[in-house]
Each structure stands twice: as structure tokens, then as C-alpha cells.
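# Topology and contacts: notes
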Amino acid sequence: MSLTHRAVAMMMPVTDVDRSRTFYSESLGLDYTGTNDEGSAIYALEGDSTLVLLPRPDSTPSESTAMSFEVDDIHAEIGELEGRGVVFEDYDLPDLKTVDHVCVLGSEKAAWFKDPDGNVLCLHQET
């Protein structure tokens, strides 16, 4: 058995599943597939993987990127998501600077935004 070729379930703790379900469904356009017995919202992702929004009223967001979506055209995706109300972060740090929300990191472009709980999500594009 090898884990390399297995579907992955990404567990994301959220304080309010209903509010988060609205964001992940409407703002991000992910495919909501239902709620489990624990009250977690389940989303179908590429390759039989899933995103599970875990109801954790006392959770605090990670300071690091929790999840990143690989995209073909980062600028087009940013435009589409901004049209749905997603607000992108901008950074001007010594080792990380965004221009029009995008940072070039070697052979990759990246842009970050937060979900309603402050979990940092990312778009990335290989260049």
C-alpha cells in the first residue's frame, strides 16, 4: 500500500460551519456534497479528495497557509474570486512583496486570502 496514490481529506477547523459553508460554496465555488453526523460540511475536490469543515467553536486559525489551490491563470482566478467578494491580502515585507496581490516566488506565483475564520488560503501558479 502506498499513500502516494490515495485520496486526501483536508480537515479545516471553523468556528461557524454555516458561515464557512456559505463562503466556501458561494465565494470560492467549491462543490458542497453534504454534512456528516458531526456537523462538518464536506466538499469534493480534485482527484476524489475532500475538504472537511470541522465545527470547532473555540478554534483559532493557523498563522501559516492552511490550504493552497493550484491554478492555471492566477490573475484570472483573482479577478473571478474578487467578483464574488473574496478580499486578497497584500504584503510588503523584506522577503515577501505582492504586486496586484501576487508574489513571485522562484518559479511560482502566489496570492493569499482568508476565510471567515482567518484561515489563510492561497492560490498558486507554476510559471
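Look up: the structure comes first, before these words.
Turning our eyes to something else, we now look at the pattern of salt bridges. Taken as a whole and assessed by the stated rule, the structure comprises 5 salt bridges. In this structure, aspartate 117 engages arginine 19 in a salt bridge whose closest nitrogen and oxygen atoms are separated by 3.0 Å. Residue aspartate 117 is located in the loop between strand S9 (108-114) and strand S10 (120-126), and its partner arginine 19 is located in helix H1 (residues 17-27); the two are separated by 98 residues in the primary sequence. Taking the relative accessible area as the measure of exposure, arginine 19 reaches 36% and is therefore partly exposed. Salt-bridge contacts for arginine 56 lead to glutamate 38; the nearest nitrogen and oxygen are separated by 2.8 Å. Taken together, the residues span a long stretch of sequence, with arginine 56 in the loop between strand S4 (50-55) and strand S5 (65-70) and glutamate 38 in the loop between strand S2 (31-35) and strand S3 (41-44) at a distance of 18 residues. For glutamate 38, a relative accessible area of 42% translates into the label partly exposed.

Before going further, it helps to examine the sheet that holds S5. Strand order in the open sheet made by the 4 strands is S5-S10-S9-S8, with mixed pairing throughout. Both edges of this open sheet fall to S5 and strand S8 (103-105), since each of them pairs with a single strand only. Along the sheet, successive strands turn relative to each other by an average axial angle of 35°, direction set aside. The pairing of S8 with S9 spans 3 bridges and is classified as antiparallel. The residue bridging valine 104 from the neighbouring strand is lysine 109, located in S9.

So, how was this worked out
- Residues numbered from 1 in each chain as written.
- Predicted model: local features only at pLDDT ≥ 70, side-chain atom pairs only at ≥ 80, totals over all residues.
- Heavy atoms only, no water.
- Salt bridge = Lys/Arg side-chain N within 4 Å of Asp/Glu carboxyl O.
- Helix = DSSP H or I, 4+ residues; strand = E, 2+ residues; numbered from the N terminus.
- Buried < 20%, exposed > 50% of the residue type's maximum accessible area, 1.4 Å probe, protein only.
- Pairing = 2+ DSSP bridges.
- Axes fitted to C-alpha atoms, helices over the stretch in contact; angles between N-to-C directions.

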